[in-house]
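One letter stands for each residue in the lines below.
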Protein chains: 2
Amino acid sequence: MDLKQVAKDTAKVLASYLTYQSVRIVIDQLSETNPPLAVWLSGFSSKGKIQDGEAYIQELLLENQELGFRVVTVREYLAHDVVEFLPEMVRANIQQANMEHRRQYLERVTQLNWSVPSSNPESSIDSEPNLDNLSS
Amino acid sequence: MDLKQVAKDTAKVLASYLTYQSVRIVIDQLSETNPPLAVWLSGFSSKGKIQDGEAYIQELLLENQELGFRVVTVREYLAHDVVEFLPEMVRANIQQANMEHRRQYLERVTQLNWSVPSSNPESSIDSEPNLDNLSS
């Protein structure tokens, strides 16, 4: 497990996602102050280019330098104010999701047990849920 | 700018990306210990379901409970060991990328200046790069 590479890849994905969020914020702002420019930026950004944040910004700077630097500024802001809270949020989300997955699993297992009529002891052994998988 | 919503959305994207990385790690491990199962998990995971990490895990737990809990365990591990370093990495990446964007911009501007023959002082004023945009 190459944790260093996983961390690097994750940071890159995160930077690109923050670029996408910055563009959305700038489009939102423009739709109030300069609707035609909002439409232009929206069209420019919907060509799938935004998947690679840096390539997108590079191209935007060539097409409209002011908007390019505006996206860069908003992204810098998000990198400071949003990223800080992410570790705790992600950990909490994942812990909660995992608890939910385990709860649902236990619910399924319990329902299997309930479906065995208690008056028939012979069949209850066969119909116990197979828990062998859990140990490995 | 609804920063709280941006943070929430970003945390969700990050959790799904960590699910994807966990599945890749489990497939890597399986390809050494149980190649047929690696092929099966690879096929199961390539159906685009992995975009939503929780829905993917839920479905995997129904299909193969052992693999489902294995992915959950790896993801929990990544959430502790990788996520911690992300804020610093993302900030550093974004700062470096922005510096690079500014450097490239200045390079373009300087090239524009160089293209003006110095023996013609009149035209040098016209061909100065338009820096008005930068102020806004």
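Everything numeric here is computed off the predicted structure, so don't read it as measured data. (Residues numbered from 1 in each chain as written. Chains lettered and ligands numbered in written order. Predicted model: local features only at pLDDT ≥ 70, side-chain atom pairs only at ≥ 80, totals over all residues. Heavy atoms only, no water.)

Turning to the layout of surface pockets, a few remarks are in order. Once rolled over the atoms, a probe with the size of a water molecule shows which space is left empty. What the largest pocket holds in volume is close to 590 Å³. Surrounding the largest pocket, 17 residues form its lining, Val13(A), Gln51(A), Val13(B), Tyr17(B) and Gln51(B) being those nearest its centre. Elements represented by at least two residues in the lining of the largest pocket include exactly helix 1 (3–33) of chain A together with helix 1 (3–33) of chain B. (1 Å grid on protein atoms, 1.4 Å probe; cavity = no way out; pocket = protein on both sides within 12 Å on 5 of 7 lines; lining within 4 Å. Points joined across faces, edges and corners; volume = space filled by probe spheres on them. Helix = DSSP H or I, 4+ residues; strand = E, 2+ residues; numbered from the N terminus.)

Here we take up the packing of aromatic side chains. Residues and elements named next belong to chain A. Enumeration over the complete set of coordinates arrives at eight aromatic pairs over all chains. Measuring from centroid to centroid gives 5.2 Å for Trp40 and Phe44, while their planes differ by 15°, and the two rings are stacked. Of this pair, Trp40 and Phe44 both sit in helix 2 (residues 35–45), four residues apart, which is roughly one turn of that helix. Judged by its relative accessible area of 31%, Trp40 is partly exposed. We classify Phe44 as buried; its relative accessible area is 4%. Members of the aromatic cluster, joined through ring pairs, are Trp40, Phe44 and Tyr56. (Phe/Tyr/Trp six-rings, centres within 6.5 Å; stacked < 30°, edge-to-face > 60°. Buried < 20%, exposed > 50% of the residue type's maximum accessible area, 1.4 Å probe, protein only.)

A few words on helix 2 (residues 35–45) of chain B. All names here are of chain B. Turning to helix 2, its buried residues number three or more, namely Ala38, Leu41, Phe44 and Ser45. All buried residues of helix 2 fall inside an arc of 130° around its axis, so they share one side. Turned more than 90 degrees away from the buried face of helix 2 sit Pro36 and Val39, all of them exposed. Of the surrounding secondary structure, the elements contacted by the buried residues of helix 2 are helix 1, helix 3 (53–63) and helix 4 (65–81). (Arc of directions from axis to C-beta. Contact = heavy atoms within 4.5 Å.)

All right, on to the relation of the copies chain B and chain A then. Mapping chain B onto chain A calls for a screw motion: a turn of 180° about the axis and a shift of 0.0 Å along it, with 0.0 Å RMSD after fitting. Put plainly, the chains are arranged around a two-fold axis. Proximity to the rotation axis, assessed at the C-alpha, singles out Leu14(B) in chain B; its C-alpha lies 3.6 Å from the axis. Looking at chain B, 98% of its interface residues are interface residues in chain A too, so the copies touch through the same face. (Least-squares fit on C-alpha atoms with pLDDT ≥ 70 in both.)

What follows concerns the packing of helix 1 of chain A against helix 3 (residues 53–63) of chain A. Residue and element names in this part refer to chain A. It is the contact of helix 1 with helix 3, at a shortest axis distance of 8 Å, that shows an interaxial angle of 40°. Considering their axes alone, helix 1 and helix 3 lie oblique with respect to each other. Mapping the contact onto sequence places Ser16, Thr19 and Val23 in helix 1 and Gly53, Tyr56 and Ile57 in helix 3. In terms of residue class, the contact of helix 1 with helix 3 is built from three nonpolar, three polar and no charged. (Axes fitted to C-alpha atoms, helices over the stretch in contact; angles between N-to-C directions. Parallel < 35°, antiparallel > 145°, perpendicular 65-115°, else oblique. Nonpolar A, V, L, I, M, F, W, Y, C, P; charged D, E, K, R; others polar.)

Now for the pattern of salt bridges. All names here are of chain A. Going through the model one piece at a time under the given rule, you end up with six salt bridges over all chains. For Glu107, the salt bridge goes to Arg103, with nearest N and O atoms at 2.6 Å. Highlighted residues: Glu107 and Arg103, both in helix 5 (residues 86–114), separated by four residues, approximately one helical turn. Each of Glu100, Arg103 and Glu107 takes part in one network of salt bridges that share partners. (Salt bridge = Lys/Arg side-chain N within 4 Å of Asp/Glu carboxyl O.)

With that settled, consider the nonpolar core. Among the nonpolar cores identified, the biggest contains 66 residues, and Leu41(A), Tyr56(A), Leu41(B) and Tyr56(B) are the most heavily contacted of them. If we ignore the near neighbours within four places in the chain, the residues touching Leu41(B) are Val23(B), Val26(B), Ile27(B), Leu30(B), Tyr56(B), Leu60(B) and Leu67(B). (Core = buried A, V, L, I, M, F, W, Y, C linked by side-chain atoms within 4.5 Å.)

Bringing helix 3 of chain A into the picture now. For the α-helix, the turn length of 3.6 residues means that residues three or four positions removed from each other point alike. All names here are of chain A. Buried within helix 3 are the following residues: Gly53, Tyr56, Ile57, Leu60 and Leu61. Buried residues of helix 3 fall within an arc of 135° about the axis and therefore sit on the same side. The exposed set on the far side of helix 3, more than 90 degrees from its buried face, consists of Leu62 and Glu63. In this structure Asp52 caps helix 3, since a side-chain oxygen of it lies 3.2 Å from the backbone nitrogen of Glu54. (Polar contact = N/O pair within 3.5 Å; in protein donor to acceptor, adjacent residues only side chain to side chain.)

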